[in-house]
Amino acid sequence: MASAKTTGLTFQELIFTLQKFWAEQGCILQQPYDVEVGAGTMSPETFLRVLGPKPYSVAYLQPSRRPADGRYGDNPNRLFKHTQLQVILKPPPQDVQELYLRSLQAIGIDLRKHDLKFEEDNWESPTLGAWGIGWQVMLDGMEVTQFTYFQQCGGVDLDPISAELTYGLERLCAFLQDVDSVYDIVWARDASDSKKHDSKKQGGREITYREVRHAEEVQFSVYNFEQADVEKCWEHLRLYEAECKALIDGYAAAKKAKQDVAKYPVLAAFDLCLKCSHLFNLLDARGAISVTERVGVIAQVRALAVGVAKAYADQQSAQESGDAQSPEAAVANG
Amino acid sequence: MADFLLELGMDEIPARMIDSGREELAKRVMDLFARERLGSAPQVTAYSTPRRLAVLVTGLAERQEDVSEQLTGPSYKVAFKDGVATPAADAFAKKVGVSVSELTKVSTTKGEYLAANVTRKGRATSEVLAELLPKEIGGIYWAKSMYWRGKNTERFVRPLRWMMALLDGKLVPLEFAGIKAGTTSRGHRIMSDGTVRLDAPGDYAKKLEKMRVIVSGAQREKKIVAALDQAVQSVGKARWREDKALLSTVVNLTEFPSAILGSFDAEYLSLPEEVLVTVMRDHQKYFAVEDAGGKLAPHFLAVLNVDGDPDGLIRHGNERVLRARFNDARFFWETDQKIPLSARVEMLKAVTFQKDLGSYYEKARRIAHVVTILAADVESGGENGPRGSARKIARNELYEAAWLAKTDLTTELVKEFTELQGVVGGLYARAQGLKPAIADAIYQHYQPKSMEDAAPKSLEGALLSIADKADSIAGMFALGLIPSGSKDPFALRRQANGIVKTIAEHELPIDLGGLFALALAAYKGSDAEKRFTKVDEYAGSVAAFFRERLEFYLRDVRGFKYDEVNAVLAVGADNIPDAVQRSEALAAVRKSADFETIATSFKRIKNILRQAQEKSGAAVESGFEPSLATDDAERALHAMVEKIAPEVVRLRREKDHGAALREVAKLRPVLDTFFDKVMVMAEDQRVRENRLALLSRVLRDFSTVADFSEIVSAG
């Protein structure tokens, strides 16, 4: 078989191409969120934006940390931190599936030469109080995308519904480049370097995924499994939880006192909730959570996520009705 | 006569829901046609693919027939006073849409009434369909449904994208979920260039096939089987492993299927076959390939949703994925061996069984306790043991297996392939040199996973399986988490079915009441026990739950008639092998003429006794005082009862239920004569009570195998 290796996009070209594709479909391009998350769904660009009535379409890259999935850089397919490209279409267009298929064509997949199936796979995150209905998209037997119609988030029923597309980029790129290990993925070709090397190779010296990320996988596996200070992690978790809870309670109190909540830092509360979620994952990877604790901590994090979601939805609808009223208010004042 | 075609086009429907969705749509459409009188004998063909459900109906009427009917109104006396119409007559005439002069008078047993003969005009079929079909479409049951247009809109299995509705050549103007029906359908996502217009319903399958969509699941199945047969030919003397469930899945994942053969490195065959097959079948939906001797061959067959793989890219891709999966499995297998199962018992403390019921460590402790007692009971045989066989149980091995059974939940392999729980534990136990009795019991203890699945083969496996399932059911019921309707999140019905099947097939002398008392007692002193809120209702709710399971088993699995099952279980539902044997005996005798009559007589006795009890307010005592007998028939019945009763007791004890029933049948002539000659409800109270007491005794002594009054006679 003709190897796809020489024609497959590099890792960064894959990112450019998908971002460009979705930008052309009217998506805002956001940057990765700068707090640790376990999945692109946890970024406020998804978790909060899907709430409330405002239409929103966004695409962003999200490095996702799952401490328990680390394998010291030894496993060719498993990573502590993998890269997702997340697309939110709120509400999704009628032809959302066709649009998605075109994104695959955009990255060089000739669908007529491959086997594509949408297989039922419903997504659920108990800690986020979120779930949706959808598929795993299988390309030649490999899951390349999770496609979900969000139904509920933070315990809040969604209206409108958002479609969420999550591409696992390492996997997709390994497929495009036909390599068996993610570490062999060509991340970039140094174009400026091309003359010094084999001129037949396109773009010059290849920089692999291994060069860019392997050390990180090794060191974080050591940290997550062996060295993360359990006592301090618990302490951090307590502190973040307390502050997050205080902010959520503060929102309710402000509402009760009929204060203007437009500037209330609900978004900051969400960051604190994400911190809790990550610390929970870290403690879990350390094997530091007993059965009883586990149930309790999941319930705590869920309570925070639900609390933030409720406050955010409320804040949005307050602003919404405020926006709607403002012209009248202007008339009344004038 | 007209033909009708309806096609619902959707985002991919989950494979598991397609067949039931299609059948329900067809049924709802046909019921609607019957209800609305749209043709005397329409014929339906139902189609489905992942993206569509369709029905083609032929032989429909073009419009409903007009219906004449007579509507009755107010009393004639009220409607006409002295021959003049009152407002009541006007109102009735207006309501039914005729003039007062057209009203008539009808005589009924209640008197004379006003009536109107009206003709309801039949409506055009297209109009009826446009009005009523949307509700039928929306009414289809889906195991899981969704919103896509926001709250307060319809829920459906997946978003509806198009609809095609044709009555002969004409559009039926349906609307559902914001989609207006049209006369075009869509072809294969990738292998067609989009849409196709239909002129006649009958062209559906043919036109769609041109668009690379085979709308008949049966045809796709044929095509897949042929493609698999063909693809496997390139491997000498190999064949693909039949797998009905998998075949049905791939039929419902494809619109235009084909198949390819792929290969993997033979070195992976050193992994257990269970693991390889699970990866291929459950994760990749591949068919396994075996050699002439039935051994797994290093190949697989994948079913595609395109018509081929000319460049080999698809094969290459699938091989690559499988290699990665097998590599993972091998890595897990090797890693897991570093910690033997015995060292994993302690690790179970960190694995939650159920949030209120604690960890799997505690579960292991409980089931080890329960199997020990069960094993002793079974070995001693109990009075209900299998006829004439003493059984030996490897009790130490069983105890060890109970402690180890759940340890595979801590292994990487089971974390990755959860469906292999138990199986992996058994394989590891074997690989780690534990005794075969231990390994087998662990391996089998999740069995049977369905009524089709075999019960554990070994006695140790059977007892472990029963104890494990009973523990789950006991804990959940004590917490009040009882399955109801479609709510059974812990699959307790399936587990109870498993217990019933296992006890029945191994003919185990285990009483359900005793088993569940034991299972609940095992929770004593645990944290879980403090959360038990439903202990008072426990025994009753477990018994009612199992009675249903046992009914299901006897009826749907063993094929007994529902009244036989009712008759048998009315006498006792606690001892499963006994209930099975009694059912067999009852089914064997019920066809005899004597028996049918006996059943009728018993029903009569029951009614008489019930009425007597209602009248006097007290239960009728059993007994008979010969000196009070006034009739020969009475004495004859009593003599027969005296003669047969001890025999029935003996035969029942010896578990010769058939012979016991044949003894009971001997009552027929005397019972018949009794009812012919004797008036039970005699004037004299003492005589009456004596007769009732005799009948009560008949019922008590001869309803020990089955309650014949439950039998519904064929006539």
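Presented here is an overview of the structure given in this document. (Residues numbered from 1 in each chain as written. Chains lettered and ligands numbered in written order. Predicted model: local features only at pLDDT ≥ 70, side-chain atom pairs only at ≥ 80, totals over all residues.)

What chain A contains, in helices and strands, is 8 helices and 11 strands. Contacts in chain A between residues at least 24 apart in sequence constitute 68% of all its contacts with a sequence separation of at least 6. (Helix = DSSP H or I, 4+ residues; strand = E, 2+ residues; numbered from the N terminus. Contact = placed C-beta atoms within 7 Å.)

Further remarks concern the overall build of chain B. Secondary structure summary: chain B contains 27 helices and 20 strands in total. Computed over C-alpha atoms, the radius of gyration of chain B comes to 34 Å, more than 25% over the 27 Å expected from 2.2 N^0.38 for 715 residues, which places it beyond the range of a compact globule. Dimensions of chain B, computed from C-alpha atoms along their principal axes, come out at roughly 90 × 80 × 50 Å. When the 715 residues of chain B are sorted by exposure, 42% land in the buried category. Once local pairs closer than 6 in sequence are excluded, the contacts in chain B between residues at least 24 apart make up 68%. (Rg over C-alpha atoms; globule rule 2.2 N^0.38 Å. Buried ≥ 20, exposed ≤ 12 C-beta atoms within 10 Å, placed from the backbone.)

A few words on the interface of chain A and chain B. With 34 residues of chain A at the contact, the number on the chain B side is 37 residues. Looking at the side of chain A that touches chain B, the elements with two or more residues in it are β4 (116-120), β6 (130-139), β7 (142-153) and α8 (291-333) of chain A. Examining the composition of the side of chain A that touches chain B, we find that 5 residues originate from one element, β4(A), more than from any other. Residues that form the side of chain A that touches chain B fall into these classes: 14 nonpolar, 9 polar and 11 charged. (Nonpolar A, V, L, I, M, F, W, Y, C, P; charged D, E, K, R; others polar.)

Before going further, it helps to examine unusual backbone geometry. Cis rather than trans, the peptide bond between A:Lys90 and A:Pro91 has omega equal to -5 degrees. Cis geometry marks the peptide bond from B:Gln447 to B:Pro448, where omega comes out at -10 degrees. With respect to the helices, strands and loops of the structure, B:Pro448 is situated in the loop between α15 (436-444) and α16 (459-479).

Right, let's get into the sheet that holds strand β16 (residues 258-263) of chain B. All names here are of chain B. An order of β15-β17-β18-β16 is seen for the 4 strands of this open sheet, with the pairing classed as antiparallel. Taken across any chain shown, the strands that pair with only one partner, and hence form the sheet edges, are β15 (239-240) and β16. Relative to strand β18 (residues 296-304), β16 is paired through 6 bridges, and the arrangement is antiparallel. When the sheet's bridge partners are listed, Ile260 is paired in β18 with Ala302. (Pairing = 2+ DSSP bridges.)

A few words on the pairing of strand β3 (residues 81-90) of chain A. Residues and elements named next belong to chain A. In terms of burial, β3 is a largely internal element, 9 of the 10 residues being buried. Bridge count for strand β2 (residues 56-65) against β3 is 10 bridges, and the pairing is antiparallel. Bridge pairing in β3 places Ser57 opposite Leu89. Taken together, the 6 bridges between β3 and strand β9 (residues 163-168) define a ladder with antiparallel strand orientation. Paired with Ile88 across the two strands is Glu164, which belongs to β9.

Residue and element names in this part refer to chain B. Over its 18 residues, helix α27 (residues 685-702) extends 26 Å from the first C-alpha to the last, a length consistent with the 26 Å expected when each residue adds 1.5 Å. Listed in full, the buried residues belonging to α27 are Val687, Asn690, Arg691, Leu692, Leu694, Leu695, Ser696, Arg697, Val698 and Phe702. Tucked into the core, α27 has its buried residues touching α23 (593-616), α24 (632-653) and α25 (657-665). (Expected span 1.5 Å × (residues − 1).)

All names here are of chain B. The strand order β2-β3-β1-β9-β10 describes an open sheet built from 5 strands, whose pairing is antiparallel. Bordering the open sheet on either side are β2 (43-49) and β10 (170-171), each of which pairs with just one other strand. Bridge analysis of strand β9 (residues 160-167) against β10 gives 2 bridges, and the strand direction is antiparallel. Residue pairing in the sheet places Leu167 in a bridge with Lys170 of β10.

All names here are of chain B. Between helix α12 (residues 395-404) and α16, the least distance of the axes is 10 Å, while the angle of their chain directions is 40 degrees. Classified by the interaxial angle, the pair formed by α12 and α16 is oblique. By crossing handedness, the relation of α12 to α16 is classed as right-handed. Residues Glu397, Leu398, Ala401 and Ala402 of α12 form the contact with α16, whose participating residues are Glu460, Leu463, Leu464 and Ala467. Counted by class, the contact of α12 with α16 contains 6 nonpolar, no polar and 2 charged residues. (Axes fitted to C-alpha atoms, helices over the stretch in contact; angles between N-to-C directions. Parallel < 35°, antiparallel > 145°, perpendicular 65-115°, else oblique. Left-handed = near helix turned anticlockwise from the far one by under 90°.)

Counting residues in each nonpolar core, the largest one holds 279 residues, and the members touching the most others are A:Cys273, A:Val308, B:Leu301, B:Val371 and B:Leu463. Not counting residues within four places of it along the chain, the set of residues in contact with B:Val371 comprises B:Leu398, B:Tyr399, B:Ala402, B:Leu463, B:Leu464 and B:Ala467. (Core = buried A, V, L, I, M, F, W, Y, C linked by C-beta atoms within 7 Å.)

Right, let's get into helix α4 (residues 169-177) of chain A. Here α4(A) lies mainly inside the structure; 9 of its 9 residues are buried. Within the span of α4(A), buried status applies to A:Leu169, A:Glu170, A:Arg171, A:Leu172, A:Cys173, A:Ala174, A:Phe175, A:Leu176 and A:Gln177. For α4(A), the secondary structure elements touched by its buried residues are α1 (11-24), β3, β7, β9 and β10 (186-190) of chain A together with α9 (313-336) of chain B. Directly after α4(A), the chain includes A:Asp178, whose backbone phi takes a positive value near 55 degrees.

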